[in-house]
Amino acid sequence: MRLVGVRAHVLHASFAAIYGGIEHVPPSLRRPAAHFQRIERSGQYSTLVEAIGENGESGWGEAFGLPHPGMASSLIEAVIAPALADIELDEPAAALRDLKTYFFALGQTRGPAMEALSGVDIALWDLKARVAGQPLCRMLGAEPGSVTAYVGSVPFLPTPAESAERAVAFAEQGYDGVKLKVGRGAQADAAHVAALRQALGGDMPIMLDANAAYGVDEAIEVARAVAPHGVAWLEEPIAPDDPHALAKVRKASPVPIAAGENEFDIAQFTRFVEAGALDIVQPNITRAGGVTGLLAVDALCTKHGLALAPHGVGSAVGVSAALHACRAARSFTRYEANRLLNPLRDELTQEPLLYADGVFTAQDLPGHGAVPKPDQLEAYALGPAARGARHAAE
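These figures come from a predicted structure and were not determined experimentally.

K.L.:
Before we go on, may I ask you to explain the nonpolar core in this structure?
P.N.:
For soluble globular proteins, the rule of thumb is that nonpolar side chains tend to be buried together. By size, the foremost hydrophobic cluster in this structure holds 75 residues, and its most contacted members are V178, L196, L208, L246, I285, Y335 and F360. Setting aside chain neighbours within four positions, we find V178 in contact with V151, V154, A167, L196, L200, M204, P205, I206 and M207.

K.L.:
Honestly, the pairing of strand β13 (residues 359-362) in this entry has me stumped. Any pointers?
P.N.:
On a regular strand, each side chain points to the face opposite its neighbour's, so the side chains alternate between the two faces of the sheet. Burial along β13 is one-sided: the face carrying F360 and A362 is buried and the face carrying V359 and T361 is not. In the sheet, strand β4 (residues 145-154) pairs with β13 via four bridges, with the strands oriented antiparallel. Counterpart to V147 in the pairing with β13 is F360. One ladder, built from three bridges, connects strand β12 (residues 354-356) with β13; its direction is antiparallel. From the neighbouring strand, Y355 faces β13, where its bridge partner is F360. Between β12 and β13, which pair antiparallel in sequence order, lie two residues; one of them, D357, sits at a positive phi of approximately 50°.

K.L.:
Can you walk me through the environment of A227 in this structure?
P.N.:
By the secondary structure assignment, A227 is in the loop between α9 (216-226) and β7 (233-235). By relative accessible area, which is 24% here, A227 ends up partly exposed. For the pair A227 and F36, spaced 191 residues apart in the sequence, the C-alpha separation amounts to 26 Å. Apart from residues no more than four positions distant in its own chain, A227 is found in contact with P254 and V255.

The rules behind these values
Residues numbered from 1 in each chain as written. Predicted model: local features only at pLDDT ≥ 70, side-chain atom pairs only at ≥ 80, totals over all residues. Heavy atoms only, no water. Core = buried A, V, L, I, M, F, W, Y, C linked by side-chain atoms within 4.5 Å. Buried < 20%, exposed > 50% of the residue type's maximum accessible area, 1.4 Å probe, protein only. Contact = heavy atoms within 4.5 Å. Helix = DSSP H or I, 4+ residues; strand = E, 2+ residues; numbered from the N terminus. Pairing = 2+ DSSP bridges.

Printed below as a string of structure tokens:
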């Protein structure tokens, strides 16, 4: 099959537009985690990737959108798309190999270049499956079906009582595992966790996500403080750039350590695994190499007996692709059902995501099943003119 072209669609769902002004947006949306306390979120971003086949078919992918989708989209349009024009598409990894080598040679081993390639990889896999008339997971050796999830997240709320109230609301919706954002210090974090445990009872898994809020010693202190309350894992307690430092945390921690959403290549994941830094590995399909990359991480986890629990932030396109890859992943345990307000996840596609009672469904549709509605692409498009107008409104 000949690949006619690749196109980027830059999207922004503005919280200010949804709420009628930035002053009306709840603080828990603008500052949902430790790393958003100074630089607030303005909304949901996404770079969608459209791969177009010779007969007019389109496959859809997604590149991670934060802090701004323009970074990945510029590389897709100016570098990747021209390099892929009119190639014969067989295996997505083979199609992107030279581009990955090129970016690595320029030192672009992390960030927008890898996110751009991830989005294109997803789009190429989706196109290949759609042309074959097969669900993506079937092309990966699995069948459509259920994908166990947990809810992420109870955001950075002011008091333990508010955190507990939000967690109970999630539990009442059918979720059987809840992630809590932490990063307030050991004593405060432990108070929030204790409130959740008391409200939820002793059986529901509670995951914690610090979003790199701590240094090594602080992270160990936090792990020891929250351990008596029964914690499934402590996620990304320190900055994601030092596997040996994270290994120190893991060695001293009484709770399992999780990380991986800020890694981009299998070599980076391998360094963390071989350093003994992780119990749970959390790649994001929209930045860690797409479908090809997530399955490479799965193979690494399987080899070392580690659990795979992919990061679940993104639009319906990225989530749908991840669900199909999770069906094929041998080390898979749980997928993150992110519930931060996101029209790009809940309203964008012709077929909505299927989720009920703590379980997603990888749907029996061609490709990964997520095809954007044209009117939604237009409504959320962040073009040059819209970019200035929307930012001025916020």
